[in-house]
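Residue-level structure breakdown
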Amino acid sequence: DQQFTINTLEVKNVPGHGHHAIFVTNDLDDPQDFDPVLTAIQGDSFNPLWEQIKIIFNAGVAPRQFTSDTEVEDAATAGEDHARGYGRT
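Below: a short report on this structure.

Turning to the packing of aromatic side chains, a few remarks are in order. The final tally for this structure, using the stated rule, is one aromatic pair. Ring centres of Phe57 and Phe66 lie 5.7 Å apart, and the angle between their planes is 15°; this geometry places the pair in the stacked category. Looking at Phe66, the relative accessible area reads 3%, which means it is buried.

Next up, the structure:
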């Protein structure tokens, strides 16, 4: 796994423009409980627009670090967590 530095700026919704997701435990302006997980990196269909998706662990599930968007999606499918969109950055 590789870590990246992320600089953010909140922008209004841009209709018709695709974006990727960045899974977070808190708003990106706040400290994170775990490292954010990106759905793409430069060179992997990269687009500078991102939607913050907050990971919320369900009751009885021990929070943990995810290392890929596939892990986040698998955990949601298994009922371990759910996600809520913050908006695009």
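Moving on, we come to empty space enclosed by the protein. Where empty space is left in the structure can be found by rolling a water-sized probe over the atoms. Scanning all chains against the criterion turns up one cavity of 30 Å³ or more. The calculated volume of the largest cavity comes to roughly 60 Å³. Lining the largest cavity, in full, are Phe23, Val24, Thr25, Gln32, Phe34, Asp35, Pro36, Val37, Ile55, Arg64, Gln65 and Phe66. Residue composition of the lining of the largest cavity, by class: seven nonpolar, three polar and two charged.

With five of five residues buried, strand β1 (residues 20-24) is to be regarded as a mostly interior element. Side chains His20, Ile22 and Val24 project from β1 onto one buried face, and the interleaved Ala21 and Phe23 project onto a second face that is buried too. In this structure, β1 lies alongside strand β3 (residues 50-57), joined through five bridges in parallel fashion. The partner of Ala21 across the bridge, within β3, is Glu51. Judged from the two bridges that link them, β1 and strand β2 (residues 37-38) form a sheet pairing that is antiparallel. Bridging from a neighbouring strand, Ile22 pairs with Leu38 of β2.

The rules we used
Residues numbered from 1 in each chain as written. Predicted model: local features only at pLDDT ≥ 70, side-chain atom pairs only at ≥ 80, totals over all residues. Heavy atoms only, no water. Phe/Tyr/Trp six-rings, centres within 6.5 Å; stacked < 30°, edge-to-face > 60°. Buried < 20%, exposed > 50% of the residue type's maximum accessible area, 1.4 Å probe, protein only. 1 Å grid on protein atoms, 1.4 Å probe; cavity = no way out; pocket = protein on both sides within 12 Å on 5 of 7 lines; lining within 4 Å. Points joined across faces, edges and corners; volume = space filled by probe spheres on them. Nonpolar A, V, L, I, M, F, W, Y, C, P; charged D, E, K, R; others polar. Helix = DSSP H or I, 4+ residues; strand = E, 2+ residues; numbered from the N terminus. Pairing = 2+ DSSP bridges.

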